[in-house]
Amino acid sequence: MSPAAISALPLNSADVARQFARRGDLESAQFLYGEIAGRMLDRLRYIRIQPQRLLDVGCGAGATLPKLRERYPDAAYVGLDACAPLLDIARERYTPAGLAGMLGRLTGKAATRPQFVLADMAATGLQPESVDLVWSNLALHWHPEPHAALAEWRRVLKVQGLAMFSCLGPNTLRELRAALDDAGLHTATPAFVDMHDFGDLLVENGFADPVMDQETLTLTYRTPQRLLEDVRALGGNPASKRRGGLATPAWRERLYAALERQRGDDGLIKLSIEVAYGHAWRAAARQTAPGETTLSVSAIGRRRA
């Protein structure tokens, strides 16, 4: 995917928020979201960072908050999402009256109430250099301008702060795309960015030492109906040029039949999920033009004569 294509992915942000609002507390998607969050936390074990304040971008209903609190009990938590109903669920779960006191009694420490912010991940409204860790689990691929999101993450990170994220890669749902073509059901599907392009975007947006890797998970299903239920649970199809209107029974039957034709020798239907993982450090200086460098204000005080 070219840099120009990455700068404007064919996604409708309003549809992303609307489709997630229909999915309740996202518990039906935790088979993937929770698994990938655990794998990201495993990667954090090898990184030396003790954040005072962390930002969970695309926090949804706050499912990862307990795991992040367990890893960093002293860090102030800020969850950010563009879907208001999901944030309402998160607030009800994690910020009722007395929760901070209860957590304090359990841990022996004064617990900081989590904060939940309704905002676009590319326009958070947070103060510059105000967080030490940006964490984002399977959310970045839903933004039509990932370069703008990364630039915003750099803006809010302190110097030497860490951005860590996971997102879906271009081979995700390849069997479903093939079934749509096989059935003659022409509709646009989301475009996912290759991990190498994300590595380039990190450098272009002022991050240092980016590390990217990916893996492909293969899910197996006994029925096409169950496969499509999981796809809907993960977020649906917010592609801006997708087929309009509701799917008719005839449309669904053609798709079911195409998926049935993909059954392997084991009798199962497969679905690929490519997951890219990335992390990088917020650099102190950023090259803006040949011969010109922008230096963070907070970095100036750290310079030695």
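Please refer to the structure placed before this passage.
To start, this report covers the structure provided alongside it. Here the structure is a predicted model, which is why all the values come from computation and not from measurement. (Residues numbered from 1 in each chain as written. Predicted model: local features only at pLDDT ≥ 70, side-chain atom pairs only at ≥ 80, totals over all residues. Heavy atoms only, no water.)

### Re the environment of Leu44
Link 1 in the chain: With respect to the secondary-structure elements, Leu44 resides in helix 3 (residues 30-44).
Link 2 in the chain: In contact with Leu44, not counting residues within four places along its chain, are Arg71, Tyr72, Trp135, Leu162 and Met164. (Helix = DSSP H or I, 4+ residues; strand = E, 2+ residues; numbered from the N terminus. Contact = heavy atoms within 4.5 Å.)

### Re the side chain of Ser272
Link 1 in the chain: When you line up the elements, Ser272 lands in strand 7 (residues 269-282).
Link 2 in the chain: By relative accessible area, Ser272 is classed as buried at 2%.
Link 3 in the chain: Of the polar contacts made by the side chain of Ser272, one reaches the side chain of Arg174; its length is 3.2 Å.
Link 4 in the chain: Here Ser272 is in contact with Asn171, Thr172, Leu173, Arg174, Glu175, Thr216 and Leu217, once residues within four sequence places are set aside. (Buried < 20%, exposed > 50% of the residue type's maximum accessible area, 1.4 Å probe, protein only. Polar contact = N/O pair within 3.5 Å; in protein donor to acceptor, adjacent residues only side chain to side chain.)

### Remarks on the packing of helix 8 (residues 174-182) against helix 11 (residues 249-260)
Link 1 in the chain: Following both chains from N to C, one finds helix 8 and helix 11 inclined at 120 degrees, their axes separated by 8 Å at the closest point. The angle between helix 8 and helix 11 places the two elements in the oblique class. The element helix 8 and its partner helix 11 pack so that their crossing is right-handed. Between helix 8 and helix 11, the contacting residues are Leu176, Ala179, Leu180 and Asp182 on the first element and Trp251, Leu255, Ala258 and Leu259 on the second. (Axes fitted to C-alpha atoms, helices over the stretch in contact; angles between N-to-C directions. Parallel < 35°, antiparallel > 145°, perpendicular 65-115°, else oblique. Left-handed = near helix turned anticlockwise from the far one by under 90°.)

### Focus on the side chain of Ser130
Link 1 in the chain: Within the fold, Ser130 resides in the loop between strand 3 (115-118) and strand 4 (131-137).
Link 2 in the chain: Given the relative accessible area of 14%, Ser130 is considered buried.
Link 3 in the chain: When residues no more than four places from it in sequence are discounted, the contact partners of Ser130 are Arg53, Val156 and Lys158.

### Brief notes about helix 8
Link 1 in the chain: Of all the residues in helix 8, the buried ones are Glu175, Leu176, Ala179 and Leu180. Summarising the axial view, the buried residues of helix 8 lie within an arc of 140 degrees, below the 170-degree limit, and thus occupy one face.
Link 2 in the chain: Each element contacted by the buried residues of helix 8 is listed here: helix 10 (224-233), helix 11 and strand 7.
Link 3 in the chain: Gly184 occupies a position one or two residues after helix 8 and carries a positive phi of about 70 degrees. (Arc of directions from axis to C-beta.)

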